[in-house]
Amino acid sequence: MTETLSEIRPLVAGNWKMNGLSAALGESAEVRDALPALGKSAPDVMICPPATLVAQLAAASKGSALAVGGQDCHAAASGAHTGDISAEMLKDAGATAVIVGHSERRADHGELDRIVKAKAAAAHRAGLTAIVCIGETKGERLADLTLNVVNRQLAASLPDTATAHNTVVAYEPIWAIGTGLTPEAKDVAEIHAAIRKNLESRFGPAGKGIRILYGGSVKPTNARELLSLPNVNGALVGGASLKAVDFLAIIRAYG
Ligand code: PGA
């Protein structure tokens, strides 16, 4: 992988979380149908719907520029894990990526860094891109521990199999998720620069090409400022990805 930073194609990924019945596929269809008219600077676009909609969305998006991702996977390929879904199953359903280590999974399901790392490795094994989420709590930010936390999570959550093609890092300050709060632009730039440095020192040239997304209350009104910062190679969008009109406005921040 020899691409330089300026050549990184940005990614705007929507994380629908536990939202969306079949009727929501109307929103994703609207996004899909708007993509061909975007210009050359258009980012890659992905929607990560709930697992129940992955196969339907993948079928509806086949042949289009809209990619589909899962929101979590188990580390094993198959076995006695009731209720879980493997990376291979997501791939089989038509996904090309999977989010792992989202702070809501870390909090709701006690997912530790080593579990996240095993899930990311499972994604790689299955041929999926792992979107690995990291980010600090409000308390850690106030205690000036953000960079320590982020570097620790990167070291412990990213498997050695990470490359610029199969891995995306999503920096999501937990206190910014779903709250309407965002860090100041200079703080986002500082943290993304530290993440880039970390990736380069561990992965060499591949570390230059791994996309680093910002996530946490990205909206049409703040997308342009956040997404134009150095080392911000796109966004992971929660609430504002549920409505096509908002999600497209964020995507068009690259217009
Ligand atoms: P939000 O969520 O955009 O609703 O803050 C982002 C995320 O959790 O990925």
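Everything numeric here is computed off the predicted structure, so don't read it as measured data.

(A) The arrangement of the sheet that holds strand β5 (residues 129-134) in detail. The eight strands are arranged β1-β2-β3-β4-β5-β6-β7-β8 in a closed barrel whose pairing can be described as parallel. The average angle at which neighbouring strand axes cross in this sheet is 25°, direction not considered. As defined by bridge partners, strand β4 (residues 97-100) adjoins β5 across four bridges and the pair is classed as parallel. Counted as the bridge partner of Ala-97 is Thr-129 from β5.

(B) Spatial organisation of the pattern of salt bridges. All told, the structure shown has 17 salt bridges when counted by the stated rule. Here Asp-44 ties to Arg-211 by a salt bridge, and the two come within 2.9 Å at their closest N and O atoms. Here Asp-44, found in strand β2 (residues 44-48), pairs with Arg-211, found in strand β7 (residues 211-215); they are 167 residues apart in sequence, far enough to count as distant. Residue Asp-44 is classed as partly exposed on the basis of its relative accessible area of 25%. Residue Arg-211 is classed as buried on the basis of its relative accessible area, which comes to 16%. With its nearest N and O atoms 2.9 Å apart, the salt bridge here joins Glu-136 to Arg-141. On the accessibility criterion, Glu-136 (0% relative accessible area) is buried. Connected through salt bridges with shared partners, the residues Glu-136, Arg-141, Glu-184, Lys-186 and Asp-187 form a single ionic network.

Parameters and conventions
Residues numbered from 1 in each chain as written. Predicted model: local features only at pLDDT ≥ 70, side-chain atom pairs only at ≥ 80, totals over all residues. Heavy atoms only, no water. Pairing = 2+ DSSP bridges. Helix = DSSP H or I, 4+ residues; strand = E, 2+ residues; numbered from the N terminus. Axes fitted to C-alpha atoms, helices over the stretch in contact; angles between N-to-C directions. Salt bridge = Lys/Arg side-chain N within 4 Å of Asp/Glu carboxyl O. Buried < 20%, exposed > 50% of the residue type's maximum accessible area, 1.4 Å probe, protein only.

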